[in-house]
Amino acid sequence: MTRMLIQPTGPAHTRIYSYGAARGEVFVPNDDLIGPIDSSDEWIRQRTGIVTRTRALPETTAIELATDAAAEAIARSGIEPQQVDAVIVATISNPKQTPSVSAIVADRIGANPAAAYDLNAACAGFAYGVTQADALIRAGAANYVVVVGAEKLSDVVDPADRSISFLLGDGAGAVVIGPSDTPGIGPTVWGSDGSKADAVGMNHTLNEFRYGQAPWPTLRQEGPTVFRWAVWEMVKVARQALEAAGVEASDLAAFVPHQANMRIIDEFAKQLGLPETVVIGRDIETTGNTSAASIPLATHRLLEEHPELSGGLALQIGFGAGLVFGAQVVVLP
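First, a word on scope: everything that follows refers to the structure included in this document. (Residues numbered from 1 in each chain as written. Predicted model: local features only at pLDDT ≥ 70, side-chain atom pairs only at ≥ 80, totals over all residues. Heavy atoms only, no water.)

On a plain count of helices and strands, the protein comes out with 10 helices and 14 strands. For the protein, the C-alpha radius of gyration of 19 Å lies close to 20 Å, the compact-globule estimate for 333 residues. Counting only C-alpha atoms and orienting by the principal axes, one finds that the protein spans roughly 70 × 50 × 40 Å. Every one of the 333 residues in the protein was classed for burial, and the buried ones make up 54%. In the protein, the share of contacts with a sequence separation of at least 24, taken over all contacts with a separation of at least 6, comes to 76%. Accessible surface, the protein: about 14,700 Å² in total, of which carbon and sulfur atoms supply 52%. The distance from the centre of the 23 positive side-chain charges to the centre of the 37 negative ones in the protein is 4 Å. (Helix = DSSP H or I, 4+ residues; strand = E, 2+ residues; numbered from the N terminus. Rg over C-alpha atoms; globule rule 2.2 N^0.38 Å. Buried < 20%, exposed > 50% of the residue type's maximum accessible area, 1.4 Å probe, protein only. Contact = heavy atoms within 4.5 Å. Areas by Shrake-Rupley, 256 points an atom, 1.4 Å probe, with all protein chains shown as cover. Lys, Arg positive; Asp, Glu negative; His and termini not counted. Charge placed at Lys NZ, Arg CZ, Asp CG, Glu CD.)

Next up, the structure:
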């Protein structure tokens, strides 16, 4: 007689319990960056909306940033570190190819022997991590999951590059996700378009650098291509996420897009027809573009400044290198 396998199932619903944040220790105003790109503070403000950005000290890595953000999220969550079953870190900034940032973070926050892995989905990484945490819990593979978006992009910046260098900052944002009696995380609309992978990403490989064929790899982007894609294609994705969650733009308390560019954020809000009652995350003004960290950092700031948003619905959407994207509606803790 063949034995029937046991296949676990978990709770029907999940929610975000709390947010944590860590930003780079140094504020870098536009005036500190304009020399190498032959630009001005006014030009950067008009094109991006950034006044200053946070960057980490040389000795601070994405690991330290991720650890601090995760520790704050756990402290605010009401659960103990030992209850965390999995740690997921979305990052392109691991200072080493291996071991993973997540394994080190899990140990530092007291979550051993939690499952731990990194994921690389650039600016959509946090949305991907939330999707996976929700699925792990509802499948019975975990009870509580910490999801972190962490980046030290100053390590991969060419100060003389006018396409992206002045946009980037360093930081980490984290959430604790666990079971819920009611739905707290809506369906995710996600995907990619690798055919346009050259629009934004690294300009060289580590092997090319190793063998003297290229300088240290840094981020580059085709600004107009990314802008058009983000505004027109990602608005469609945002609408799909609202429809999948069974809500309308007027039901939202907050809108938290990836903090890529203030012009993109403003055009997003216009295209979605968001009412004035919706609070929009604009953390980019003083933090910069922090890729996978931008959504949780912006949401953390919104909740600090607007505690009345607690319990409301927020639409979050990430998009970036490799033209990877992910969007979902969540209930704010």
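The structure having been displayed, the exposition proceeds.
What follows is about the sheet that holds strand E7 (residues 170-180). Strands sit in the order E1-E7-E6-E4-E5 across an open sheet of 5 strands; the sheet is mixed. Both outer strands of the open sheet, strand E1 (13-23) and strand E5 (115-119), are each paired with one neighbouring strand and no more. Here the average twist between neighbouring strands, direction ignored, is 15°. Strand contacts of helix H5 (residues 125-138): E1, strand E4 (86-90), E5, strand E6 (145-152) and E7, with the helix running at about 165° to E6, the strand carrying the most contacts. (Pairing = 2+ DSSP bridges. Axes fitted to C-alpha atoms, helices over the stretch in contact; angles between N-to-C directions.)

This part takes up the sheet that holds strand E13 (residues 313-320). The strand order across the open sheet built from 5 strands is E8-E14-E13-E11-E12, with neighbouring strands paired in mixed fashion. Only two strands of the sheet have a single neighbouring strand rather than two, namely strand E8 (189-192) and strand E12 (279-280). Sheet analysis places E13 next to strand E14 (residues 324-331), joined by 8 bridges and oriented antiparallel. Within the sheet, the bridge partner assigned to Ile317 lies in E14 and is Ala327.

We now examine unusual backbone geometry. Thr98 connects to Pro99 through a cis peptide bond whose omega is 5°. Relative to the helices and strands, Pro99 is located in the loop between E4 and helix H4 (101-108). Cis rather than trans, the peptide bond between Asn112 and Pro113 has omega equal to 5°. One can find Pro113 in the loop between H4 and E5. Here Asp38, not a glycine, exhibits a phi torsion of approximately 50°, which is positive. Position of Asp38 relative to the elements: it lies in the loop between helix H1 (34-37) and helix H2 (41-48). Take Asp38: its relative accessible area is 69%, and that puts it in the exposed class. In this model, Ala122 sits at a positive phi of 50°, which is unusual for a non-glycine residue.

Further remarks concern the environment of Gly129. Structurally, Gly129 can be placed in helix H5. Residues Gly129 and Ala56 lie 73 residues apart in sequence; the distance between their C-alpha atoms is 23 Å. Setting aside chain neighbours within four positions, we find Gly129 in contact with Ile88, Leu119 and Val147.

Membership of the largest hydrophobic core comes to 49 residues, with the highest contact counts inside it found for Met234, Phe255, Phe268, Leu274, Leu315, Ile317 and Phe319. When contributions to this core are tallied by element, the ones reaching two or more residues are H1, helix H7 (223-245), helix H8 (262-272), E13 and E14. At 10 residues, H7 tops the list of elements feeding residues into this core. In this structure, Ile317 is in contact with Met234, Val237, Ala238, Phe255, Val256, Pro257, His258, Phe268, Ile295, Gly326 and Ala327, ignoring residues within four places of it in sequence. Listed in part, the 33 residues of the second largest apolar core include Val130, Ala292, Ala314 and Val330. (Core = buried A, V, L, I, M, F, W, Y, C linked by side-chain atoms within 4.5 Å.)

This part takes up helix H10 (residues 294-305). For H10, which comprises 12 residues, the first-to-last C-alpha distance of 16 Å matches the rise-based estimate of 16 Å (1.5 Å per residue) to within 8%. Where burial is concerned, most of H10 is hidden: 9 out of the 12 residues are buried. Regarding H10, the residues found buried are Ser294, Ile295, Pro296, Leu297, Ala298, Thr299, His300, Leu302 and Leu303. (Expected span 1.5 Å × (residues − 1).)

Turning our eyes to something else, we now look at the environment of Thr287. As for its position among the elements, Thr287 is in helix H9 (residues 284-287). On a C-alpha basis, the gap between Thr287 and Leu167 in space is 9.4 Å, while along the polypeptide they are 120 residues apart. When residues no more than four places from it in sequence are discounted, the contact partners of Thr287 are Arg23, Thr52, Arg53, Thr54, Gly169, Leu297 and Arg301. Of the polar contacts made by the side chain of Thr287, one reaches the side chain of Arg23; its length is 3.0 Å. (Polar contact = N/O pair within 3.5 Å; in protein donor to acceptor, adjacent residues only side chain to side chain.)

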